[in-house]
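# Structural characterization, general
What follows is the residue order along each chain.
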Amino acid sequence: MSAYVIDCAKPVEDKIMDIASLEKFLQERIKVSGKAGALGDIVIVTRDKTKITVTANDTTFSKRYLKYLTKKYLKKNNVRDWLRVISSNKDRNIYELRYFNIAENEAEEED
């Protein structure tokens, strides 16, 4: 059994995205045995205030697939240009949604 967390604290606090819509998107799009939306008891998607937890009872569920779906959701909602999905330094089972660091990029372009 594996559990992965998507931490959406910063975008939710800034009201850029709605965490309930991300939860619904994941429930509709996660494929189990080649069928999207048929989660059953194999994959469980839950949320609290700023985090979504995906618990998989099947060993074939990959963390990379969760990142792919999260990026697809960001693109669909036109916030992919400002947010990126990064694995947490503290715990490798957590993805964080962070803003691109635009200030650093502008400084590099001036050099």
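What you see is a predicted model; the values in this text were computed from it and never measured.

## Things to note about the overall build of the protein chain
- When its secondary structure is counted, the protein chain shows four helices and seven strands.
- The secondary structure elements of the protein chain, listed N-terminal to C-terminal, are β-α-α-β-β-β-β-α-β-β-α.
- Judged by the C-alpha coordinates and their principal axes, the protein chain covers about 50 × 25 × 25 Å.
- A burial count over the protein chain gives 37% of its 111 residues as buried.

## Structural notes on the environment of Leu 39
- Position of Leu 39 relative to the elements: it lies in the loop between strand E3 (35–36) and strand E4 (43–47).
- Judged by relative accessible area, Leu 39 falls into the buried class, the value being 11%.
- For the pair Leu 39 and Tyr 73, spaced 34 residues apart in sequence, the C-alpha separation works out to 18 Å.
- Leaving out residues up to four positions away in the same chain, Leu 39 has contacts with Gln 27, Ile 30, Val 32 and Val 45.

## Points about the nonpolar core
- Counting residues in each nonpolar core, the largest one holds 26 residues, and the members touching the most others are Leu 26, Ile 30, Val 43 and Val 54.
- When contributions to this core are tallied by element, the ones reaching two or more residues are strand E1 (2–7), helix H2 (19–29), E4, strand E5 (51–56), helix H3 (63–76), strand E6 (83–87) and strand E7 (94–99).
- With sequence-adjacent residues up to four places away left out, Val 43 is seen in contact with Ile 30, Val 32, Val 54, Thr 55, Ala 56 and Phe 61.

## A short note on the packing of aromatic side chains
- As enumerated under the stated definition, the model contains four aromatic pairs in all.
- Plain terms: the ring middles of Tyr 4 and Phe 61 are 6.1 Å apart, the flat faces sit at 35° to each other, and that makes the pair tilted. Residue Tyr 4 is located in strand E1, and its partner Phe 61 is located in the loop between E5 and H3; the two are separated by 57 residues in the primary sequence. Of the two residues examined, Tyr 4 and Phe 61, each falls in the buried class.
- Between Tyr 65 and Tyr 68 the ring centres are 6.3 Å apart and the planes differ by 20°, which places this aromatic pair in the stacked class. Highlighted residues: Tyr 65 and Tyr 68, both in helix H3, separated by three residues, approximately one helical turn.
- Using a relative accessible area of 21% as the deciding quantity, one classes Tyr 65 as partly exposed.
- You can call Tyr 68 partly exposed: its relative accessible area is 45%.
- Within the aromatic cluster, the residues linked to one another by ring pairs are Tyr 4, Phe 61, Tyr 65 and Tyr 68.
- A cation over a ring is seen here: Lys 63 above Tyr 95, with NZ or CZ 4.7 Å from the ring centre.

What counts as what
Residues numbered from 1 in each chain as written. Predicted model: local features only at pLDDT ≥ 70, side-chain atom pairs only at ≥ 80, totals over all residues. Heavy atoms only, no water. Helix = DSSP H or I, 4+ residues; strand = E, 2+ residues; numbered from the N terminus. Buried < 20%, exposed > 50% of the residue type's maximum accessible area, 1.4 Å probe, protein only. Contact = heavy atoms within 4.5 Å. Core = buried A, V, L, I, M, F, W, Y, C linked by side-chain atoms within 4.5 Å. Phe/Tyr/Trp six-rings, centres within 6.5 Å; stacked < 30°, edge-to-face > 60°. Lys NZ or Arg CZ within 6 Å of the ring centre and 35° of its normal.

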